Amino acid sequence: MLENNDLEYLGNGPAATGTSGGWGMRQGLYFKCTSCGYFMPADPQAYDDCFCGRMYKDADAGRFGSSLGDTEIEVYRAVPHQQRSHRPAHRDEH
Ligand SMILES: [Zn+2]
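Heads up: these notes are all about the structure in this document.

Our focus in this paragraph is the sheet that holds strand β5 (residues 55–58). Read across the open sheet, the three strands follow the order β4-β5-β6; overall the sheet is antiparallel. Strand pairing shows two members of the sheet lacking a second neighbour, β4 (48–49) and β6 (63–66), which therefore form its edges. Bridge count between β4 and β5: two bridges; the pairing is antiparallel. The residue of β5 that forms the bridge with D49 is Y56.

Below you can see the structure in the form of structure tokens.
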């Protein structure tokens, strides 16, 4: 999946997912362990953990986090190549 997408960095911690009150698990989001660099898909149905074991996702228990703390998890959003825009930001000209 990553071959067809670029990843846009959104920020660190649960607030970067755009969901108030916790981690917003949804398709197209990825969490990166700052310790080992592993990208974890934000699939709420799957169990996963990273290479170094500090970041983990337990779907059955509904738990997700890092032993280093939430701010040590970087949040990314997958952006398909074809939707990527290189045009400059639109601005009104009067
Ligand atoms: Zn790790």
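Moving on from the model shown.
Here four strands make up an open sheet; going across it, the order is β1-β7-β2-β3 and the pairing antiparallel. Of all strands in the sheet, those bounded by a partner on one side alone are β1 (5–12) and β3 (39–41). Averaged over all pairs of adjacent strands, the angle between their axes in this sheet comes to 35°, without regard to strand direction. In the sheet, strand β2 (residues 29–33) pairs with strand β7 (residues 73–80) via five bridges, with the strands oriented antiparallel. Residue pairing in the sheet places L29 in a bridge with R77 of β7.

The pairing of β1 with β7 spans seven bridges and is antiparallel. Its bridge partner lying in β7, L7 is registered against A78.

Criteria and cut-off values
- Residues numbered from 1 in each chain as written.
- Predicted model: local features only at pLDDT ≥ 70, side-chain atom pairs only at ≥ 80, totals over all residues.
- Pairing = 2+ DSSP bridges.
- Helix = DSSP H or I, 4+ residues; strand = E, 2+ residues; numbered from the N terminus.
- Axes fitted to C-alpha atoms, helices over the stretch in contact; angles between N-to-C directions.

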